Each structure stands twice: as structure tokens, then as C-alpha cells.
Amino acid sequence: MLLKGKTAVISGAASKRGIGRATAELFASHGARVAILDINADEAKAAAGDLPPVEQGAHIGLRCDVADRASCASAAAEVLSAFGLANILINNAGITQPVKTLDISDADWQRIVAVNMTGVLNLSQVFIPNMRENGGGSIACMSSVSAQRGGGIFGGPHYSAAKAGVLGLAKAMAREFGPDSIRVNCVTPGLIQTDITGDKLSAEMRADIIKGIPLSRLGDARDVANIYLFLASDLSAYVTGAVIDVNGGMLIH
Ligand code: NAD
């Protein structure tokens, strides 16, 4: 039990096969009381209801659009009134779009950057003051191999840019809030089998991609959840500003 007695907030944790949902399940099984914040309110509530019970009280699922500051502020107020404090924040919510540079519209750019990058700032801003008051916390942020290699497989250049921005933002927050005992780290997954790719991954593409992965398989949501668990727990007590690759060796650098 690595998170016994802790409280954790996880964004983008409603979708059934997603990384956030797998993380919520893993955290609850390690004793954390979990708040699932997702743009999909009904799925967030249902997901929270399905988590294994913990002694601190019921898990909660709330609507929150991470791209919207007011939505983050009202979700945080609700979480903090129910939980009292947030020890852990997992900035996981994200969306992608497979378009090329010349086809990115202004609206596409704004939305991809707002959800993937600004969302990390918005949620961090509303939970950091509480972490500070309570002696510290751990924040983990979702980036992507796409930020490191200039494009993943399904993300366009705006997605790469937003996920690269997350790396800079997280490292700067790690430096700023280290003295408050708030650690901030990132994960950079390769291709993980979730619904974010929709039905765009054909059997042929999949076989082709696997040829470039030394561990010879795509990742599972649980592979990333395990790294979030490490970053959330005291196992990583002396780790901040770090970026952990979870890509089966797809990018070794
Ligand atoms: P997913 O689509 O299963 O999960 C994304 C979740 O975010 C969903 O529950 C969705 O409802 C929620 N969401 C979307 N927009 C939101 C918003 N504005 N506010 C709050 N919640 C919102 O996909 P996933 O693959 O589990 O993605 C999780 C994260 O991992 C994303 O940030 C994604 O960019 C990142 N990522 C995924 C992969 C991959 O290969 N699957 C690789 C690298 C990084």
C-alpha cells in the first residue's frame, strides 16, 4: 500500500480503457482516496463509483474542463471541501488530432494547446496553494514521446508543441515549488493502447510500429499508471523536475 491515507486528484480519468482510469484504479488499490476530474461528468461519476473503497471516505467524480480556469476552480473547491486536502495531482487529461502543419486551423491550435498544456497550469494553480498549506505534495504531468521526437504517430505538430510545453512548465514549477516540498515530474509515454487513437490504428500499422519498439509490444494503460504511482508515492521522494520515458525503448536518448 504505497498511498495509504493519501488523497489524489486525477484529470482525464473517466474513459474506460484510458491511462487516467487505470491510474485511479491503481491508486485506490494502494489506499488513496481519489477525485476523478473529467470533461465527461457522467463517466467521471460512474468511474469513481467503480473504484475499490478506501478508509478515508468515498471517491468522487466531477465534471471539469481543464482548459477552463473557472471550471478548474469550482472543481477544486468541491474536491477540497470533500477531502480537506490534496496530496497528489495527476495532470493527465489530453486530446490529440492527426493533422499536418499546413492544415492546423486557429481553432485546432487553440483547443489542442488549451487542453494539453494550459490545462496543466490551470489545475496546478488551483491545487498548489492547498499543497503548500499542508506541507507539500506530488504533481505528475502527462507529456508524450511526441514532444521529444517531433511528432508521435497520431498527434499533429500542435500536439507535439503542447506536450513539449508541458515539459518546460513542469520543470519550472519543480524549481519554484521545491522549497515548499511540492515535487513536479513528467511522464513521456510512447504508443499506449487506449481509445485516444480512435479506430485509426490498423493491424498493418500496428505491426509496423512494433518493429521499432525494442520491447516488441505497444504499451498498456497500466504501464503508465505504474510510473504515475512511483511519482505520486514516497518511493520518489528525492525526484523532482524529472521526465520518465514509458515507451518500450521506442525512443532511447
Ligand atoms: P483517453 O482518450 O482514453 O483519455 C483522455 C481522457 O481525458 C478522457 O477521459 C477524456 O474525457 C478526458 N478529457 C478530454 N478533454 C478533457 C478536458 N478538456 N478536460 C478534462 N478531461 C478531458 O486517452 P489516453 O490515451 O488515456 O490519454 C491520457 C493522456 O495520455 C493524454 O494527455 C494523452 O495525450 C496522453 N498520451 C497518450 C498516449 C497514447 O498513446 N495513448 C501517448 C502519450 C501521451
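Up top is the structure these notes are about.
How each quantity is defined
- Residues numbered from 1 in each chain as written.
- Predicted model: local features only at pLDDT ≥ 70, side-chain atom pairs only at ≥ 80, totals over all residues.
- Heavy atoms only, no water.
- Helix = DSSP H or I, 4+ residues; strand = E, 2+ residues; numbered from the N terminus.
- Buried < 20%, exposed > 50% of the residue type's maximum accessible area, 1.4 Å probe, protein only.
- Contact = heavy atoms within 4.5 Å.
- Areas by Shrake-Rupley, 256 points an atom, 1.4 Å probe, with all protein chains shown as cover.
- Lys, Arg positive; Asp, Glu negative; His and termini not counted.
- Charge placed at Lys NZ, Arg CZ, Asp CG, Glu CD.
- Salt bridge = Lys/Arg side-chain N within 4 Å of Asp/Glu carboxyl O.
- 1 Å grid on protein atoms, 1.4 Å probe; cavity = no way out; pocket = protein on both sides within 12 Å on 5 of 7 lines; lining within 4 Å.
- Points joined across faces, edges and corners; volume = space filled by probe spheres on them.
- Nonpolar A, V, L, I, M, F, W, Y, C, P; charged D, E, K, R; others polar.
- Near = heavy atom within 4 Å.
- Polar contact = N/O pair within 3.5 Å; in protein donor to acceptor, adjacent residues only side chain to side chain.
- Axes fitted to C-alpha atoms, helices over the stretch in contact; angles between N-to-C directions.
- Parallel < 35°, antiparallel > 145°, perpendicular 65-115°, else oblique.
- Left-handed = near helix turned anticlockwise from the far one by under 90°.

## Quick notes on the overall build of the protein
Broken down by element type, the protein carries 8 helices and 7 strands. In the protein, which comprises 253 residues, the share counted as buried stands at 52%. For the protein, restricting intrachain contacts to residue pairs at least 6 apart in sequence, the fraction spanning at least 24 positions comes to 76%. Carbon and sulfur atoms make up 53% of the accessible area of the protein, which totals about 11,200 Å². Separation between the mean location of the 22 positive side-chain charges and that of the 23 negative ones in the protein comes to 4 Å.

## Some remarks on the pattern of salt bridges
Under the criterion given, the structure shown has 8 salt bridges. R21 is the partner of D50 in a salt bridge, and the nearest nitrogen-oxygen pair spans 3.5 Å. Taken together, the residues span a long stretch of sequence, with D50 in helix α2 (residues 41-50) and R21 in helix α1 (residues 19-29) at a distance of 29 residues. On the basis of relative accessibility, which here comes to 8%, the residue R21 falls in the buried class. It is possible to trace a salt-bridge network through shared partners that takes in R21, E25 and D50.

## What about the layout of surface pockets?
The computed volume of the largest pocket comes to approximately 810 Å³. Taken together, 39 residues line the largest pocket, and the ones lying closest to its centre are G94, I95, Y159, T194 and I196. At the level of elements, α1, α4 (106-133), α5 (145-149) and α6 (157-177) are the ones that each hand at least two residues to the lining of the largest pocket. Here the lining of the largest pocket is composed, by residue class, of 17 nonpolar, 16 polar and 6 charged.

## Side note on the site of the ligand
Surveying the vicinity of the ligand reveals 28 residues, the closest of which are S15, I19, D38, Y159 and T194. The contact in question runs from an oxygen atom of the ligand to an N or O atom on the backbone of G190, over 3.4 Å. Against a free-state accessible area of 830 Å², the protein chains account for coverage of 92% of the ligand. Within the residue set of the shell around the ligand, elements represented by two or more residues are α4 and α6. Element by element, the count of residues in the shell around the ligand is highest for α4, at 3 residues.

## Quick notes on the packing of α4 against α6
Look at α4 against α6: their axes get within 8 Å of each other, and the N-to-C directions meet at 15°. Classified by the interaxial angle, the pair formed by α4 and α6 is roughly parallel. Considering how the two elements wind past one another, α4 and α6 form a crossing that is right-handed. Contact residues: α4 offers D108, W109, I112, V113, N116, M117, V120, L121, S124, I128 and R132, while α6 offers H158, Y159, A161, A162, K163, G165, V166, L169, M173 and F177. Along the lines of polarity and charge, the residues of the contact of α4 with α6 split into 14 nonpolar, 4 polar and 3 charged.

## A closer look at the side chain of S124
Looking at the element boundaries, S124 is found in helix α4. Setting aside residues up to four positions removed in sequence, S124 forms contacts with L89, N91, I139 and M173.

## Looking at empty space enclosed by the protein
Summed over all chains, the structure comprises 1 cavity of 30 Å³ or more. Size it by volume and the largest cavity reaches roughly 40 Å³. Forming the walls of the largest cavity are S11, V66, N91, N92, A93, V115, G119, V120 and L123. Of all the elements, α4 adds the most residues to the lining of the largest cavity, at 4 residues. Taken together, the residues of the lining of the largest cavity break down into 5 nonpolar, 4 polar and no charged.

So, to be careful, I would describe these as geometric facts and stop short of saying anything about function.
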